[in-house]
Structures are given as structure tokens and as C-alpha cells.
Amino acid sequence: MDTTELQKKTIGLVLSGGGVRGMGHIGMLKALKEHGIEPSVVSGSSAGALVGALYASGRTTEDMLAFFKETPLFKYSFLTINKPGLVDTERYYDIFREYIPFENFEALSKKLFVVATNLQKGTEEVFSEGELIMPLLASAALPPVFSPVEMNNTLYADGGIMNNFPTDPLKGKVDFVIGSNVTMIRELRKNEIKSSYQLASRTTSLMVYAVNREKIKSCDLILEPRDLEDIGALDKKGIEKAYNAGYDNASRVLEKLFVTS
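Bear in mind the structure is a predicted one, so any value in this text is a computation, not a measurement.

> Can you walk me through the overall build of the protein in this structure?
Helices and strands together make up the secondary structure of the protein, namely eight helices and eight strands. At 18 Å, the protein has a C-alpha radius of gyration in line with the 18 Å of a compact globule built from 261 residues. With respect to the three principal axes, the spread of C-alpha positions in the protein is 55 × 50 × 35 Å. Within the protein, the fraction of its 261 residues that count as buried is 52%. Across the protein, the fraction of contacts at a sequence separation of at least 24, relative to all contacts at a separation of at least 6, is 75%.

Take a look at the structure:
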């Protein structure tokens, strides 16, 4: 396949969750643009939903990076004692609206699907129409740090809890699916699992990857930047590293794909 052939297809993009590792998606999008590849339908969970919304609203990769760098993860005035969680997620509403100035999904330039977890029913829910910002806040509300988001008298939290790699919304809607997964596993040395945090991080990654393995295999093209496991979900110092890893990996894969096709 060459780029011209791929450009004739309807392309869907799946963006996994992964916290700060999700900045790898932004690097991947830069590489896609450089190869003239532009997905028209996006499905994302957690950090992937945020990147997807920024992309679907027409933001450049530079704008996307600025959003994540400038948005405070912890702000004293956002702390809450009246809700479960340390930070009141809904306090980020105005910040999100500044970068994504659209009231509903229908105003976006690309079709967007956002996954959030219904905490009360214990199910995943996909949002693709109507009010935009609240589902985005819900999809990224990682417990126990961020409080659940209330919509229609129901509490919602991070989409990655139930579905960290949402391929299902794209079925039957596109000709070609590109998956960007920033929550993968690599073999670790024994001394890399020596603290409670490292143990928790490793086991969480294993569980998420096991659940999503078959979905990942269903993509026509999968992009998985390596060496992201040492970046904490909320470690803003890892933004540039994750971004560069996503760009470098996608560039290598795309160059090899189109040169050898």
C-alpha cells in the first residue's frame, strides 16, 4: 500500500488511555500528518479521548502539547472534601472549553467517540453526540485522584477502567483502522519492581494490556511506542519524552510501511 491508496480510504483512529503516556498520541499525529494521512473518525478513552477531542476540534500538535503542559494536574483551589477523590474534576470545565471551544460533538470537524465508565452500573458508555465537555472530563477522571463527574444524575469516571482501547465504535464506519496504544508491556528486570508504586504500576499495565490484546490485534495498523512504562500516569515531566517516543515510533513504522509496500 502507498500513501495515495491509503488516503482514498476512510480512516479511523483508536487512541488508548495512559495518562501522560498519552502524549505519545500527539507525536503519532504529527507523523501521520507528515505522511499525508488524516483520519476522519476518532475513538478514544481517557487521555486518548482528550487528544482525540483536540484533534477533532482542529488543534495543531503544538496546541495539543500546550494544553497538557499548561493545564495544572493539581491546583489547591481545585481540591475537594465534598466529593470522592482528591481533586474536583468539574473545576477543569473552563480550562477545557478554552482549548476546545465547542459545545457539542456535532460542531467538531471529525466524528468523535468518547468512552467513560458508569460507576453505578459498572458499564462502559460511549458518547458521540450532544454536550461535549462533560463526557471528556468524565473519560479522564482517573480515580482516586480525580472525582467522578455527574451527568444525568449518574456518576462517571475514567473510560480506561472498562475499555482502554475502544475499537468497537469504529466497526462498520471506516475502511482502515489505525490504533495508537501507549499502554503496553515490556519485559522488566527484577530490580525494576522494588517499590509498591512500581508493583502497582506493573500489575495495572498487565491487566489493561491483557484485556485489550485482541482489540489491538484487530487494527489494520498498530503504533506502539516503547519505553513509556517508566513514565507515571500523572508525571508531567514525562510529556516531552512520551511525545517524542510517539513521533519517532510512528515515523519509523510509516516510513518502513510505505517504502517496502
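> I would appreciate a short explanation of the nonpolar core in the present structure.
In a soluble, globular protein the nonpolar side chains are often hidden away together inside. Grouped together as the largest cluster of nonpolar side chains are 63 residues, with contacts concentrated most on Phe68, Leu112, Leu136 and Ile178. Those residues in contact with Leu136 that sit more than four places away from it in its chain are Ala49, Leu50, Ala53, Phe96, Ile100 and Val114. Ranked by size, the runner-up nonpolar core spans 11 residues in total, among them Val14, Phe113, Ile216 and Cys219.

> Explain the pattern of salt bridges here, please?
Opposite charge on two side chains permits them to pair, given that their charged atoms come into close proximity. Under the definition given, this model contains nine salt bridges. Between Lys69 and Glu240 there is a salt bridge; the shortest N-O distance is 2.3 Å. Within this pair, whereas Lys69 is found in helix H4 (residues 61-70), its partner Glu240 is found in helix H8 (residues 239-260), the two being separated by 171 residues in sequence. Overlapping salt bridges, with partners in common, bring together Lys83, Asp88 and Glu90 in one network.

> For this particular structure, what's the right way to read the side chain of Glu224?
Inspection of the secondary structure puts Glu224 in the loop between strand S8 (221-223) and H8. A polar contact of 2.7 Å, which involves the side chain of Glu224, links it to the side chain of Asn181. Here Glu224 is in contact with Asn181, Met184, Tyr209, Ile216 and Asn249, once residues within four sequence places are set aside.

> Honestly, the packing of helix H2 (residues 23-34) against helix H3 (residues 47-56) in this entry has me stumped. Any pointers?
Two numbers describe a pair of packed helices, the interaxial angle and the distance between the axes. Here H2 crosses H3 at 35 degrees, and the two axes come no closer than 9 Å. In this structure, the crossing between H2 and H3 has a hand that is right-handed. Residues His25, Ile26 and Leu29 of H2 touch H3, and the partners they reach there are Gly48, Val51 and Tyr55. Split into classes, the residues belonging to the contact of H2 with H3 amount to four nonpolar, two polar and no charged.

> I tried to follow H2 on my own but got confused; where do I start?
Along an α-helix, a turn takes 3.6 residues, which lines up residues three or four apart on a common side. If you check H2, its first and last C-alpha atoms are 17 Å apart, about what 12 residues at 1.5 Å a residue would give, namely 16 Å. Buried within H2 are the following residues: Met23, Gly24, His25, Ile26, Gly27, Met28, Leu29, Ala31 and Leu32.

> Please explain the pairing of strand S4 (residues 123-127) as it appears in this structure.
As paired strands, strand S3 (residues 111-118) and S4 are joined by five bridges and run antiparallel to one another. For Val115, the partnering residue across the bridge sits in S4 and is Val126. As consecutive antiparallel partners, S3 and S4 are separated by four residues, and within that stretch Gly122 has a phi angle of approximately 75 degrees, a positive value.

Calculation notes
Residues numbered from 1 in each chain as written. Predicted model: local features only at pLDDT ≥ 70, side-chain atom pairs only at ≥ 80, totals over all residues. Heavy atoms only, no water. Helix = DSSP H or I, 4+ residues; strand = E, 2+ residues; numbered from the N terminus. Rg over C-alpha atoms; globule rule 2.2 N^0.38 Å. Buried < 20%, exposed > 50% of the residue type's maximum accessible area, 1.4 Å probe, protein only. Contact = heavy atoms within 4.5 Å. Core = buried A, V, L, I, M, F, W, Y, C linked by side-chain atoms within 4.5 Å. Salt bridge = Lys/Arg side-chain N within 4 Å of Asp/Glu carboxyl O. Polar contact = N/O pair within 3.5 Å; in protein donor to acceptor, adjacent residues only side chain to side chain. Axes fitted to C-alpha atoms, helices over the stretch in contact; angles between N-to-C directions. Left-handed = near helix turned anticlockwise from the far one by under 90°. Nonpolar A, V, L, I, M, F, W, Y, C, P; charged D, E, K, R; others polar. Expected span 1.5 Å × (residues − 1). Pairing = 2+ DSSP bridges.

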